[in-house]
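Chain by chain, the residues:
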Amino acid sequence: KGSAFSASETRRNIVVDGISVADMNALVGKTFRLGEALVRGDEICKPCERPSLLSGKPDFAGKFEQSGGLRVEILEDGRIAVGDALVI
């Protein structure tokens with residue numbers, strides 16, 4: 001179904017494996033740690049077509065329909081590294 005998007009083309013700041021869309025959506029309004037940072041889920045971020053426009057690859061929103069993301073508010077900054085856990 002068309003060209004695959006590289007991690008940098010998805011325009012995500014942080015990618016978390018092992019969490020379902022439902023569990024991610026349930027973090028809206030919740031406070032949790034990601035690495036050393038303390039954050040609060042602010043709003044669901046549905047995929048848009050901006051990555052398609054920037055990369056020249058079609059249908060980003062369709063390909064990532066079930067893996068949009070979550071905008072968060074940073075309450076306490078801290079180091080986040082590959083392999084860090086998301087802890088509610």
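All values reported here derive from a predicted model rather than from experimental measurement.

A. Quick peek at the pairing of strand E2 (residues 37-44). Across 4 bridges, strand E1 (residues 31-34) lies against E2 in antiparallel orientation. Across the sheet, phenylalanine 32 pairs through a bridge with valine 39, a residue of E2. As consecutive antiparallel partners, E1 and E2 are separated by 2 residues, and within that stretch glycine 35 has a phi angle of approximately 65°, a positive value. When E2 meets strand E3 (residues 70-76), the two strands line up antiparallel, connected through 6 bridges. In the sheet register, valine 39 faces E3, and the bridge partner there is isoleucine 74.

B. How the structure looks around the environment of glycine 62. With respect to the helices, strands and loops of the structure, glycine 62 is situated in helix H3 (residues 60-63). Overall, glycine 62 belongs to the partly exposed group, its relative accessible area being 27%. Along the primary structure glycine 62 and arginine 11 are separated by 51 residues, whereas in three dimensions their C-alpha atoms are 15 Å apart.

C. The pattern of salt bridges, seen in detail. Throughout the structure, instances matching the rule amount to 4 salt bridges. Between arginine 33 and glutamate 76 there is a salt bridge, with the nearest N and O atoms lying 3.2 Å from each other. Taken together, the residues arginine 33 in strand E1 and glutamate 76 in strand E3 connect sequence positions 43 residues apart. A residue is classified by how much of its surface remains accessible, and glutamate 76, at 39% relative accessible area, is partly exposed.

D. Examining the sheet that holds strand E4 (residues 86-87) more closely. Across the sheet, which stays open at both edges, the 4 strands sit in the order E3-E2-E1-E4 with antiparallel pairing between neighbours. Each of the sheet's edge strands pairs with one partner strand only, and the pair in question is E3 and E4.

E. Broad picture of unusual backbone geometry. Phi angles above zero are rare outside glycine, and aspartate 59 is one such case at about 65°. Assignment of secondary structure puts aspartate 59 in the loop between helix H2 (50-55) and H3.

F. Representation of the environment of leucine 75 in the model. Within the element layout of this structure, leucine 75 appears in strand E3. Classification of leucine 75 as partly exposed rests on a relative accessible area of 35%. With 38 residues separating them in the primary sequence, leucine 75 and alanine 37 have C-alpha atoms 7.6 Å apart. With sequence-adjacent residues up to four places away left out, leucine 75 is seen in contact with Thr31, Leu38, Val39 and Arg40.

Conventions adopted
For every chain, the first residue of the written sequence is number 1, and numbering continues from 1 along that sequence. Where local features are concerned, this predicted model is filtered to residues with pLDDT of at least 70; where side-chain atom pairs are given and counted, the filter is 80 or more; whole-chain, interface and lining totals use all residues. With hydrogens and water stripped out, all remaining heavy atoms of the structure feed into the side-chain values. A pair of strands is labelled paired if DSSP reports no fewer than 2 bridges between them. To qualify as a helix, a DSSP run of H or I must reach at least 4 residues; to qualify as a strand, a run of E must reach at least 2; elements of each kind are numbered from the N terminus. Exposed residues in this analysis have more than 50% of their type's maximum accessible area, buried residues have under 20%, and partly exposed residues fall in between, with area computed by a 1.4 Å probe over protein chains only. We define a salt bridge as a side-chain nitrogen of Lys or Arg found within 4 Å of a carboxyl oxygen belonging to Asp or Glu. In this analysis, two residues are considered to be in contact whenever any of their non-hydrogen atoms come within 4.5 Å of each other.

Bear in mind that shape data such as this cannot, by itself, settle questions of function.
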